[in-house]
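# Survey of secondary and tertiary structure
The primary structure of each chain is shown beneath.
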Amino acid sequence: MTAVLQTEAPSVRPEFRSPGLGRLTLVELRKLADTRAGLWLLIIIALATVGTSAIQLGWAPDEEQALDGFFGFALLPSAILLPVLGILSMTAEWSQRTALTTFTLVPARERVIAAKLLAGALIALASTAAMLVIASAANLLAAALGGDGGWNLPPSLLWQGLAMQIILVLMGMAFGALLQNSPLAIVLYLALPMVWSLLGMISAIADAAKWLDINVTTTAMAEAGMTGDEWARVGASAAVWVVLPLALGIARVLRREVN
Amino acid sequence: MITVEHLTKRYGSYAAVDDVSFACEPGTVTGFLGPNGAGKSTTMRMICGLSTPTSGSATVRGVPYRRLGNPGREVGVLLDASAQHPGRTGREILTLAALTMGVDTKEVPRVLDRVGLNTTAGKRRVKAYSLGMRQRLGLALALLGDPAVLILDEPANGLDPEGIFWMRGLLRDFADRGGAVLLSSHLLREVEAVADRLVVIGGGKIVAQGDKAELLAQTGTLVRAADPAALAMVLDRAGLPGTRTTDGGVVVPTGSEVIGRAAADAGLVLLELRPAGSGGLEQMFLTLTAGDSVKEAVR
């Protein structure tokens with residue numbers, strides 16, 4: 001009965017309803033690429049990926065010139081640079097002060113953050129798909145040039161590669177949301193896990209590092225057929241490096257005064 | 001359409017906004033006046049839900065701003081024209097807002113045209129915009145959702161005289177069609193030409209508010225004499241405190257007859273004796289808010 005009443009007599013005029021999450025995600029996706037910085041970052045990722053394939057075509061042993069080899073190597077540039085795009089998506093709102101417009105149009109800040117995270121995951125998905133296309137093109141060339149040219153790509157490698165891209169982009173966004181300052185967030189995003197890796201060499205915390213060092217745990221993702229134990233380690237390190245900073249970052253964005 | 005009740009914002013022991021209440025009605029332009037640092041922007045940010053008040057409340061069309069589902073369609077807001085990503089084009093910024101609000105993107109060129117930015121300007125990045133162009137873009141952003149209420153913080157900053165004249169026309173027209181405008185400025189003359197009501201704020205507190213005509217009528221009489229020194233003596237003897245204007249006149253908070261009689265008794269030659277109007281309001285504005293800008297500079 002209530003449902004019928006609601007459809008027959010809407011209390012709110014349609015144009016006054018809050019924008020849906022899909023619409024906000026599209027806006028955030030567009031914001032990733034509509035500035036010079038964002039666009040060039042995407043172009044550089046694409047060029048660097050083509051570069052990885054070129055390097056392999058030129059210098060790798062013939063038997064390694066197969067689709068799985070090209071794909072694994074092609075993921076590297078975006079694994080490093082896509083998170084930077086994620087960081088900028090969060091920090092630019094504050095450093096360029098666009099939060100003033102964004103949160104004036106959408107006062108429910110948590111919806112904007114959700115849209116940004118979704119956009120980040122989607123761009124990771126799109127990028128992984130693009131990497132697959134580039135790797136396939138390189139593999140065709142390799143076959144023509146006398147390389148192995150094998151098309152055997154274990155599905156697990158595909159899913160793991162995608163999961164790694166998404167985890168890293170979300171980690172970048174978490175750092176951006178927490179620190180709200182582009183240079184600081186980029187430097188700490190790159191440096192902190194590295195510092196942790198160095199500390200991991202100390203035997204006393206080496207055992208903990210196997211679980212918490214995201215650089216170590218994600219290396220397993222480049223090899224086909226991860227074990228449950230390896231996934232658990234990825235999960236544990238992601239909890240520390242992605243979920244925790246993201247939770248703190250969201251709390252900070254929700255509370256911060258916009259001016 | 002905008003109701004502000006006992007709005008207060010404290011940072012530690014410092015009250016940036018202290019118990020501010022006022023209302024904006026449909027069909028009116030409300031001038032929100034005060035020197036820099038008086039609390040205008042803080043008040044406006046609280047109205048728009050960007051800053052949480054320490055106490056008090058503000059509603060737009062009867063609802064707290066944060067509870068408006070799609071605020072861009074009900075309230076046009078321009079708080080800081082410089083707060084835009086310099087790497088985006090003017091058209092892109094409006095397109096993003098249109099997509100967010102669910103406004104047809106065909107409106108973008110139309111609203112650009114309405115604020116006097118041509119196609120070339122729309123295609124340029126905001127980095128290359130002058131402050132006046134940024135204000136026009138900000139106004140376009142505020143008008144894009146076809147709102148019934150406008151909240152504008154110092155929109156005339158950086159506009160040339162022609163631009164200011166144009167903006168007055170636009171705001172007057174907006175109000176005449178039943179909209180409500182809240183317009184802040186630190187320049188009285190700028191607001192006076194378009195506002196129906198004035199709210200004057202100084203040091204976080206409201207120092208005067210009301211109908212512009214009423215406020216102007218209460219501001220006393222301007223008198224100018226051939227011998228200013230003699231006039232000062234006569235006023236002093238009659239117990240009439242006056243404030244000097246910059247051009248040699250004196251504004252006295254009383255009717256013209258009292259001053260005229262005192263001058264006649266003293267055989268003084270008067271060159272001017274008339275209601276002070278805006279000159280008087282400016283004097284009042286300066287007196288009421290004196291010292292605040294200095295405080296701001298050292299805060």
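Residues numbered from 1 in each chain as written. Chains lettered and ligands numbered in written order. Predicted model: local features only at pLDDT ≥ 70, side-chain atom pairs only at ≥ 80, totals over all residues. Heavy atoms only, no water.

The name recorded for chain B in an unreviewed UniProt entry is ATP-binding cassette domain-containing protein, from Paractinoplanes ovalisporus. Note on chain B: under the UniProt heading Sequence similarities (unreviewed entry), the record states "Belongs to the ABC transporter superfamily." (UniProt positions renumbered as here; feature names shortened; annotations may be inferred.)

For chain A, the name recorded in an unreviewed UniProt entry is ABC transporter permease, with Paractinoplanes ovalisporus as its organism.

Another point: the packing of helix α5 (residues 131–143) of chain B against helix α6 (residues 161–176) of chain B. Residues and elements named next belong to chain B. Running from amino to carboxyl end, α5 crosses α6 at an angle of 10°, the nearest separation of the two axes being 12 Å. As the angle between them shows, α5 and α6 are arranged roughly parallel. Residues Arg136, Leu139 and Leu143 of α5 form the contact with α6, whose own contacting residues are Glu162, Gly163, Trp166, Met167, Leu170 and Phe174. Residues of the contact of α5 with α6, tallied by class, amount to 6 nonpolar, 1 polar and 2 charged. (Axes fitted to C-alpha atoms, helices over the stretch in contact; angles between N-to-C directions. Helix = DSSP H or I, 4+ residues; strand = E, 2+ residues; numbered from the N terminus. Parallel < 35°, antiparallel > 145°, perpendicular 65-115°, else oblique. Contact = heavy atoms within 4.5 Å. Nonpolar A, V, L, I, M, F, W, Y, C, P; charged D, E, K, R; others polar.)

Time to look at the UniProt feature "domain: ABC transporter" (unreviewed entry) in chain B. Feature annotation in UniProt assigns "domain: ABC transporter" (unreviewed entry) to the following positions: residues 2–228 of chain B. As annotated, residues 2–228 of chain B comprises 33% helix and 29% strand, and the C-alpha atoms at either end are separated by 46 Å.

Turning to the interface of chain B and chain A, a few remarks are in order. Buried accessible area, meaning the area lost when the parts come together, often serves as the stated size of an interface. Across the contact, 38 residues belong to chain B and 29 residues belong to chain A. Across the chain B to chain A interface the summed buried area is about 2,900 Å²; carbon plus sulfur atoms make up 54%. Area buried by chain B at its contact with chain A is led by Leu50, Arg88 and Thr100 of chain B, which between them contribute 21% of it. Linking chain B with chain A are 4 salt bridges, by the criterion used here. Across the pair Asp34 of chain A and Arg88 of chain B runs a salt bridge whose closest N-O atoms are separated by 2.7 Å. If one sorts the elements of the side of chain B that touches chain A by residue count, helix α2 (residues 90–101) of chain B sits on top with 7 residues. (Buried area = accessible area lost by both parts, 1.4 Å probe. Salt bridge = Lys/Arg side-chain N within 4 Å of Asp/Glu carboxyl O.)

With that out of the way, let us pick up the side chain of Arg134 of chain B. Residues and elements named next belong to chain B. In this structure, Arg134 sits in helix α5. In this structure, Arg134 is buried with no salt-bridge partner, the nearest side chain bearing the opposite charge being Asp80 at 7.7 Å. With residues near it in sequence (within four places) discarded, Arg134 still touches Ala81, Ser82, Val126, Lys127 and Tyr129. (Buried < 20%, exposed > 50% of the residue type's maximum accessible area, 1.4 Å probe, protein only. Lys, Arg positive; Asp, Glu negative; His and termini not counted.)

To continue, consider the packing of aromatic side chains. All told, the structure shown has 4 aromatic pairs over all chains when counted by the stated rule. Note on Trp94 of chain A and Phe103 of chain A: the rings are 6.1 Å apart at their centroids and 50° apart in plane angle, and the pair reads as tilted. With a relative accessible area of 5%, Phe103 of chain A lands in the buried category. Seen in terms of ring centroids, Phe175 of chain A and Trp241 of chain A are 6.5 Å apart; in terms of plane orientation they differ by 15°. Their pairing is stacked. With Phe175 of chain A in helix α7 (residues 155–179) and Trp241 of chain A in helix α11 (residues 228–255), the pair connects residues that are 66 residues apart, well separated along the chain. Per residue, the accessibility class of Phe175 of chain A equals that of Trp241 of chain A, and both read buried. Through a chain of ring-to-ring contacts, the aromatic side chains of Phe175, Tyr189 and Trp241 of chain A assemble into a single cluster. One Lys or Arg, Arg136 of chain B, reaches over the ring of Trp166 of chain B and ends 4.7 Å from the middle of that ring. (Phe/Tyr/Trp six-rings, centres within 6.5 Å; stacked < 30°, edge-to-face > 60°. Lys NZ or Arg CZ within 6 Å of the ring centre and 35° of its normal.)

What follows concerns the confidence of the model for chain B. Per-residue confidence for chain B averages 89 on the pLDDT scale, and 94% of its residues sit at or above 70. Long-range and interchain partners of residues 292–299 of chain B, a stretch whose pLDDT sits below 50, account for 8 contacts in this model, where long-range means more than four residues apart. (pLDDT = per-residue confidence, 0-100.)

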